[in-house]
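So you can see what is in the structure, the chains are spelled out below.
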Amino acid sequence: QVQLVESGGALVQPGGSLRLSCAASRITFSINTGAWYRQAPGKERELVASISSGLSTNYADSVKGRFHISRDNAKNTMYLQMNSLKPEDTAVYYCNVLKFATNYWGKGTLVTVSS
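Summary of the structure given here.

1. Quick word on the packing of aromatic side chains
In step 1: Within this structure, the stated rule accounts for 1 aromatic pair.
In step 2: Taken together, a centroid distance of 4.9 Å and an interplanar angle of 65° make the contact between Tyr37 and Trp105 edge-to-face. Placement of Tyr37 in strand β4 (residues 33-39) and of Trp105 in strand β10 (residues 102-105) is noted, with a sequence separation of 68 residues between them.
In step 3: In this structure Tyr37 comes out as partly exposed when scored by relative accessible area, which is 21%.
In step 4: According to the relative accessible area criterion, Trp105 is partly exposed, its value standing at 35%.
In step 5: Between the NZ or CZ atom of Arg45 and the centre of the ring of Tyr94, over which it lies, the distance is 3.7 Å.
In step 6: The ring of Trp105 has Arg45 sitting right over it, with the charged end atom 4.6 Å from the ring centre.

Structure below.
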């Protein structure tokens, strides 16, 4: 079965950086659309960034210029580089792959931005 495993979440100070990783099994990032979502306490899950099979990227307005989504096809791994982190970036970050109208999700990794 499809597995998506996120890693890299941590406690970081405002202004700091983190890189999240999502390793995939039994599904291939390079031929599907991958994305990062996040869910803050008391809020709905929201799209942070996505990357298509053709490497087109899309970002939420709140993270444009600070976050960068990428993937390594050889490792079948997707990344989210997060810079200039703000307290409002605190959330559980989820890896997502959309394949044939089916969404697959990881279990999430917690990012806390606090001094």
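Next comes the rest of the write-up.
2. Some words on the state of the cysteines
In step 1: Enumeration over the complete set of coordinates arrives at 1 disulfide.
In step 2: Between the sulfur atoms of Cys22 and its disulfide partner Cys95 the distance amounts to 2.0 Å. Between Cys22 and Cys95 the sulfur-sulfur dihedral comes to about -80°; the bridge is accordingly left-handed. Taken as a pair, Cys22 in strand β3 (residues 18-25) and Cys95 in strand β9 (residues 91-99) lie far apart in primary sequence, 73 residues in all. This pair shows no difference in class: Cys22 is buried, exactly as Cys95 is.

3. Some remarks on the pairing of β3
In step 1: Here strand β1 (residues 3-7) pairs with β3 via 5 bridges, running antiparallel. Considered in β3, the bridge of Gln3 is made with Ser25.
In step 2: Here 6 bridges tie β3 to strand β8 (residues 77-82), and the two strands are oriented antiparallel to one another. Among the inter-strand pairings, Cys22 is bridged to a residue of β8, identified as Met78.

Reading the values: rules and limits
- Think of each chain on its own: its residues are numbered from 1, step by step along the sequence as written.
- Only residues with pLDDT of at least 70 get local features here, since the model is predicted, and only at 80 or more are side-chain atom pairs given and counted; chain-wide, interface and lining totals rely on the full set of residues.
- To obtain the side-chain values, all non-hydrogen atoms of the structure were used and water was disregarded.
- Aromatic pairs are defined between Phe, Tyr and Trp rings, using the six-membered ring for Trp, whenever the two ring centres lie within 6.5 Å; interplanar angles under 30 degrees are classed as stacked, those over 60 as edge-to-face, and all others as tilted.
- Working definition: helices are DSSP H or I runs of at least four residues, strands are E runs of at least two. Numbering for both runs from the N terminus.
- The classification of residues rests on relative accessible area computed with a 1.4 Å probe and restricted to protein chains. Under 20% of the type maximum is buried, over 50% is exposed, and intermediate values are partly exposed.
- A ring has a charge above it when a Lys NZ or an Arg CZ is no more than 6 Å from the ring centre and no more than 35 degrees off the ring normal.
- Put simply, a disulfide is two cysteine sulfurs that come within 2.5 Å.
- Each pair of strands is called paired provided DSSP finds at least two bridges between the two strands.

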